[in-house]
Amino acid sequence: MASTSKDHVAENEEALNEKVATDLEPGACLESILNPTDSFEEFASEISTSLEDRKTSLTIKSSTISEIQNEIGDSSKESSLRETKSSDNLQAKNESMSASASNSNLLEENEEESDEKDDYLQSPELVNKEKHVFILSSAGKPIYSRYGNEDKLAGLCGVIQALVSVVEEPNQDILRSINTKDCKAVFLVKGPLILVTVSKSNESETQLVLQLTYAFNQIVSVLTLTQLNRIFEQRRNYDLRRLLSGAERLIDHLFIFMEKDPAFLLGAVRCLPLPEKARENITQAITSTCNKIRDLVFAIMIAGNQLITLVRMKKYTLHPSDIHLLFNLVRSSESFKTAESWTPICLPKFDATGFLHGHVSYISEDCQACLLLLTVQRDAFFPLSQAKHTIAEKLRRSNCLVAINDALNRNKELPTTNPLKHIGIPEIRHFMYKCKSTAQLFTSDPISLDRLQDYRLRHKEGGDITVKKIEKLSDIDYVRNYRQFCNQIHCISTPAKLIFRSNSHDTVLAWVTNGFELYVTFDPLMEKDHAIRAVDRLLHWIKKEEQRIFIMNAPTF
Amino acid sequence: MSRCDFKIVLLGSEHVGKTSLVIRFVNCRFNSGTPYQNTIGAAFCAKQMQSHDREFNVGIWDTAGSERYEAMTRMYYRGAHAAIICYDPASLASWTRLRHWLQELRTVEEDCKVYLCGTKKDLLDTGTVQREVPEDIIATYSQGLHGHFLTSSKTGENVDELFQKIVDDCVKDLKVMKIVEEARVQLQKEDNEKNKNYCYC
Ligand SMILES: Nc1nc2c(ncn2[C@@H]2O[C@H](COP(=O)(O)OP(=O)(O)O)[C@@H](O)[C@H]2O)c(=O)[nH]1
Ligand SMILES: [Mg+2]
């Protein structure tokens, strides 16, 4: 039970349970396509690791991909592929690069250049940003900077590397964060990389660590952990940017996505609301087409950062964070729109050690749903290409493309397009609901594609801190406001189960049970009783629409 | 299993204009407004073409050209009948890389027909960029190959000509055509069997 500020009133949970039907868990179902591991628990453990744990945690465990290959009797191929990036191969490419960067000479070099660097740190490209992100190798070489040119940040990276190692080496300790009056610097050392964010946002340390972990996973997703580790084992001073070219864009987009979409805050996946029958037909089209393709592990259909359906090989589920990386990949890549793509994809939670191979394509010119067919078989392009065309044809014939487009264009007739109007409780301004057992979420005002795009464009130009006047709050603004509540609910030492805060701006109720997490914003100065009655009605509405809002089964091939 | 008669693969460094070349050829357009985006993995397009009064289905693989996918590029050019190796005449670095691709290709697909393609001709013509790769070097180098084209995906100049030449060359190659015919017969057989066993649609 937590009460933070003066205007907080902590509600007794029992009182709430009495008034609200507690057995109501909209969206819950027995079997889930997603692995519902709570990312907060996971990152809480990340934060509490010792230096020793950290060294062992990244050693590679068994590979799910080889497990699947063994099962379908096809192990030789993939392993030979993973070996192709062999040592000599890498060595040869690096001949031109001067070797050896021991700590000492790195720092010297930075001192020489420090005058010029200091100036750069004051340049408009870098000052006044809400959140910086820097990624460097453990040798202190710059890999990525969210703003400015990382080449010119060698000095800063040297300092970061020195800070991290000064705490680590003599004291056997870990540098986790540095706090100043208005700013947090959070550090994450993972494998051969150091990730740092310097933030003035209201995100908590846990939330920031979570974001850095996502950035690390994004890098793993294009390289695999095996390759990442091997590169730096062979050359501590390797310039990783050579291998990441093009992936900076993915990290850029990922941070914007994480700042805006509650899916990250809650470790859940948003589904595209669809009539039950339509989703069933889509799933059916996929299973009936693909059930003869032995190597297929996942078939995933998505649109606008929302899941339409996911069909999987028996025994295997996907972690929400892997799906988020797929969302991010598809959203950030124009090249998928013009042709069928065939690309290696590593899903870090599924198997960080190897690649799956993905056939990625949009369903048709007139429907912006993207189909990903992920297999362990690297020569499977043509059978999958054919499967995709068959699926697209079936969807067209069964009118599913129309249903998808209606949902994407937020057709006014659909109850899920403007839920608040349908629920009919005028005091509710916004809500966000997560079903825990299936790791799926629903909010009252899904960020429309255009708005996220708008934000992206604006953000590209700046990312500066601005004091803007807000006329109508959007999902993005409400979610920003929920961060602190979410943080209290997931606090490791004293987690709150229920928070009720009412003041002259608004009233917020945050509630977590075994089955769900719910965050609601009401008009200012709401009475507790009144709010609780509204929540009860809200839950009943979500229950009524659950088949449309959530994926309530877990289909396999 | 491929439904294409000919397989053409595009190779070359990032940013030389491979994706633009394919989009110009297949979709007859050029995106000048959108900022550059690297190709993820590889992209596949198919186009129906005619040669010697016959129809052929041509499959085109556009590769990323980035170091990250290099180990995987081989699977894209395995079995290729023809390769277009692109360079940007205004970039010496892209020309230097070209030898690398050629070598790679030779070790995997000895019989593959190789065409050199200098890109972004319009930029040279308007004097927007300066040529860095001397023409005589290119001429010498392309002697042992199947052809050299200077194309512009912006204007479309020489793009169709390049692909037409490739298909014509393939059709004239008896060895290639024998395999193509066999594959067609094989596919036909497979299709018939499939339709017998279960309804595919
Ligand atoms: N003016 C002009 N620009 C081109 C031409 N071909 C490609 N480009 C530009 O060069 C950049 C790289 O092109 P792209 O096809 O994506 O290169 P890829 O990495 O080899 O696939 C893009 O910004 C294109 O717009 C051309 O023929 N003329
Ligand atoms: Mg390209």
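So, here's what we can say about the structure. Here the structure is a predicted model, which means the values were calculated and not measured.

**Re unusual backbone geometry**
Note: most peptide bonds trans; most residues except glycine with negative phi.
Residues and elements named next belong to chain B.
Part 1 of the reasoning: With a phi close to 55°, Cys-28 is a non-glycine residue in the positive phi region.
Part 2 of the reasoning: Within the secondary structure, Cys-28 sits in the loop between helix H1 (18-27) and strand S2 (42-51).
Part 3 of the reasoning: The backbone of His-52 shows a phi angle near 50°, a positive value even though the residue is not glycine.
Part 4 of the reasoning: Structurally, His-52 can be placed in the loop between S2 and strand S3 (54-63).
Part 5 of the reasoning: For His-52, a relative accessible area of 49% corresponds to the partly exposed category.

**Some points on the site of ligand 1**
Residues and elements named next belong to chain B.
Part 1 of the reasoning: Not every one of the 17 residues close to ligand 1 is listed here, only the nearest: His-15, Thr-19, Ser-20, Asp-122 and Ser-153.
Part 2 of the reasoning: In the model, an oxygen atom of ligand 1 is placed 2.7 Å from a nitrogen or oxygen of the Ser-20 side chain.
Part 3 of the reasoning: At a separation of 2.8 Å, an oxygen atom of ligand 1 approaches a polar backbone atom of Ser-153.
Part 4 of the reasoning: Contact with the protein chains covers 88% of the free accessible surface of ligand 1, which is 580 Å².
Part 5 of the reasoning: Put simply, the parts of the chain that give the shell around ligand 1 at least two residues each are H1 and helix H4 (121-125).
Part 6 of the reasoning: Looking at the shell around ligand 1 element by element, the count peaks at 3 residues for H1.
Part 7 of the reasoning: For the shell around ligand 1, the residue count by class is 4 nonpolar, 8 polar and 5 charged.

**Observations concerning the interface of chain A and chain B**
Part 1 of the reasoning: The interface of chain A with chain B comprises 39 residues on the first partner and 30 residues on the second.
Part 2 of the reasoning: With both chains or domains summed, chain A and chain B bury close to 3,000 Å², and 57% of this area falls on carbon and sulfur atoms.
Part 3 of the reasoning: Sorting the residues of chain A by area buried against chain B places Thr-338, Phe-382 and Gln-386 of chain A first, and these three jointly supply 19% of that buried surface.
Part 4 of the reasoning: Our enumeration of links across chain A and chain B arrives at 2 salt bridges.
Part 5 of the reasoning: The salt bridge involving Arg-242 of chain A is made with Glu-67 of chain B; its shortest N-O contact spans 3.4 Å.

**Observations concerning helix H9 (residues 205-223) of chain A**
Residue and element names in this part refer to chain A.
Part 1 of the reasoning: Taking 1.5 Å of rise per residue, the 19 residues of H9 would be expected to cover 27 Å, and the 27 Å separating its terminal C-alpha atoms lies within 8% of that figure.
Part 2 of the reasoning: In terms of burial, H9 is largely enclosed, as 18 of its 19 residues are buried.
Part 3 of the reasoning: Looking one or two residues beyond H9, the residue adopting positive phi is Thr-224, at roughly 75°.

Cut-off values and rules
Residues numbered from 1 in each chain as written. Chains lettered and ligands numbered in written order. Predicted model: local features only at pLDDT ≥ 70, side-chain atom pairs only at ≥ 80, totals over all residues. Heavy atoms only, no water. Helix = DSSP H or I, 4+ residues; strand = E, 2+ residues; numbered from the N terminus. Buried < 20%, exposed > 50% of the residue type's maximum accessible area, 1.4 Å probe, protein only. Near = heavy atom within 4 Å. Polar contact = N/O pair within 3.5 Å; in protein donor to acceptor, adjacent residues only side chain to side chain. Areas by Shrake-Rupley, 256 points an atom, 1.4 Å probe, with all protein chains shown as cover. Nonpolar A, V, L, I, M, F, W, Y, C, P; charged D, E, K, R; others polar. Contact = heavy atoms within 4.5 Å. Buried area = accessible area lost by both parts, 1.4 Å probe. Salt bridge = Lys/Arg side-chain N within 4 Å of Asp/Glu carboxyl O. Expected span 1.5 Å × (residues − 1).

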